[in-house]
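As a plain string of letters, each chain reads:
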Amino acid sequence: MIKAVMVINTQGKPRLAKFFEYLPLEKQQELIRNVFGVLCSRPENVSNFVEAESIFGPDSRLVYKHFATLYVIFVFDSSENELAMLDLIQVLVETLDRCFKNVCELDIVFNYSKIHTILDDIICGGQVLETRSTEIMRAVEEISKLEAAPNAITLIPKSSSGWLSR
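Residues numbered from 1 in each chain as written. Predicted model: local features only at pLDDT ≥ 70, side-chain atom pairs only at ≥ 80, totals over all residues. Heavy atoms only, no water.

Undergrad: Which parts of the structure should I look at to understand the overall build of the chain?
TA: Assigned secondary structure in the chain consists of 7 helices and 7 strands. Ordering the α and β elements of the chain from the N terminus gives β-β-α-β-α-β-β-α-α-α-β-β-α-α. In terms of its C-alpha atoms, the chain occupies a principal-axis envelope of roughly 55 × 35 × 30 Å. By the burial criterion, 37% of the 166 residues in the chain qualify as buried. Across the chain, the fraction of contacts at a sequence separation of at least 24, relative to all contacts at a separation of at least 6, is 50%. Accessible surface, the chain as shown: approximately 9800 Å² in total, 54% of it carbon and sulfur. Between the centroid of the 17 positive side chains of the chain and the centroid of its 22 negative side chains there is a distance of 6 Å. (Helix = DSSP H or I, 4+ residues; strand = E, 2+ residues; numbered from the N terminus. Buried < 20%, exposed > 50% of the residue type's maximum accessible area, 1.4 Å probe, protein only. Contact = heavy atoms within 4.5 Å. Areas by Shrake-Rupley, 256 points an atom, 1.4 Å probe, with all protein chains shown as cover. Lys, Arg positive; Asp, Glu negative; His and termini not counted. Charge placed at Lys NZ, Arg CZ, Asp CG, Glu CD.)

Undergrad: Even after reading the chapter, I still don't get the environment of L16, so can you show me in this structure?
TA: By secondary structure assignment, the location of L16 is in strand 2 (residues 14-19). According to the relative accessible area criterion, L16 is buried, its value standing at 3%. Measuring from C-alpha to C-alpha, the distance between L16 and I115 comes to 8.5 Å, with 99 residues separating the pair along the chain. If we ignore the near neighbours within four places in the chain, the residues touching L16 are V5, M6, V7, Y112, I115, H116 and L119.

Undergrad: Looking at this model, I keep getting lost on the confidence of the model for the chain. Mind explaining?
TA: Atomic detail in the predicted coordinates should be set aside for any region of low pLDDT. When pLDDT is averaged along the chain, the result is 86; 91% of the residues meet or exceed 70. Within the model, pLDDT remains below 50 along residues 160-166, and this stretch shows 1 contact once partners closer than five positions in the same chain are excluded. (pLDDT = per-residue confidence, 0-100.)

Undergrad: How do you make sense of the sheet that holds strand 5 (residues 70-77) when you look at a structure like this?
TA: Backbone hydrogen bonds hold the strands of a sheet together, and the pairing may be parallel or antiparallel. The strand order 2-1-5-4-3 describes an open sheet built from 5 strands, whose pairing is antiparallel. Edge positions in the open sheet fall to strand 2 and strand 3 (49-51), since each of these has one partner strand only. Taken over all neighbouring pairs, the strand axes of this sheet differ in orientation by 15° on average, direction set aside. As defined by bridge partners, strand 4 (residues 60-67) adjoins strand 5 across 8 bridges and the pair is classed as antiparallel. Among the inter-strand pairings, S60 is bridged to a residue of strand 5, identified as D77. Docked against the sheet, helix 3 (residues 82-100) engages strand 1 (2-9), strand 3, strand 4 and strand 5, running at close to 35° with respect to strand 4. (Pairing = 2+ DSSP bridges. Axes fitted to C-alpha atoms, helices over the stretch in contact; angles between N-to-C directions.)

Undergrad: Help me understand the UniProt feature "domain: AP complex mu/sigma subunit" (unreviewed entry) in the chain, please; the structure alone is not making it clear to me.
TA: In this numbering, the UniProt entry assigns the feature "domain: AP complex mu/sigma subunit" (unreviewed entry) to residues 1-146. Within the segment residues 1-146, helix and strand shares are 48% and 25% respectively, and the terminal C-alpha atoms sit 31 Å apart. (UniProt positions renumbered as here; feature names shortened; annotations may be inferred.)

Undergrad: Explain the pairing of strand 1 here, please?
TA: When a strand is regular, its side chains alternate between the sheet's two faces. Most of strand 1 sits out of view: 8 of its 8 residues are buried. Pairing geometry for strand 1 and strand 5, over 7 bridges, is antiparallel. Paired with A4 across the bridge in strand 5 is V75. Two strands pair when backbone bridges link them, and strand 1 and strand 2 are joined in this way by 5 bridges, in the antiparallel orientation. In the strand pairing of strand 2, I8 is matched with P14. Between strand 1 and strand 2, which pair antiparallel in sequence order, lie 4 residues; one of them, G12, sits at a positive phi of approximately 95°.

Undergrad: Explain helix 5 (residues 112-122) here, please?
TA: Note that an α-helix has 3.6 residues per turn; residues three or four places apart therefore point the same way. Along helix 5, the residues classified as buried are I115, H116, I118, L119 and I122. All buried residues of helix 5 lie within an arc of 160° about the axis, which places them on one face of the element. (Arc of directions from axis to C-beta.)

Undergrad: Would you mind going over the packing of helix 3 against helix 5 with me for this structure?
TA: The axes of two packed helices give the description: the angle between them and the distance between them. For the pair helix 3 and helix 5, interaxial distance at closest approach is 11 Å and the crossing angle is 140°. Of the possible angle classes, the one that applies to helix 3 and helix 5 is oblique. Handedness of the crossing formed by helix 3 with helix 5: right-handed. Contacts between helix 3 and helix 5 pair L88, L92, T95, L96, C99 and F100 from the former with K114, I115, I118, L119 and I122 from the latter. (Parallel < 35°, antiparallel > 145°, perpendicular 65-115°, else oblique. Left-handed = near helix turned anticlockwise from the far one by under 90°.)

See below:
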C-alpha cells in the first residue's frame, strides 16, 4: 500500500503532500521535514530507494526521483514493488508534463486542484488505479470539459455579484 506521495522543492518546501493514512498535521509536517533531511543529504550517484523505517515505521520504504528543483517521493510498504513505484513516479511526471506542457514548480503551486485530480486518478486509498498516462489525461480532459460547460454545477459562484443576487 502506498502511504504517502510528496513533492518537495530543493529548499524543503512541500508543494504537494498526500497521506493515505490519517496523521495529524504536526506529524505530517515532521515527516516531510525528515524525508527532506534524508534526501538532501544523499549524493546524486546513489540509489533512489531508501529504507524509511526510521521515519515512517516498520515495513516502510521510500522511492524518489529528482527533477530540476523538485523531489517526487512515494512512501509505501513491502506489498509494493520498488521498481513499480519508480515507474509510477514517471507516469505521474509524464501526465503532468502532458497536462501543463513541461511542468514546473509554479504549475504545481497554482494548479493544486488539478494536480490532486490527476493523483486521485492514479492512486485511490493507497492503491494504484491507473498506470496509463493517456487514460489519466482522458479523465482529466473530461473533468475539464464538465467544469467549463455553461450549465456546470459549482459550489462556489463564479463572481461575488452572482452570490449577492441570490
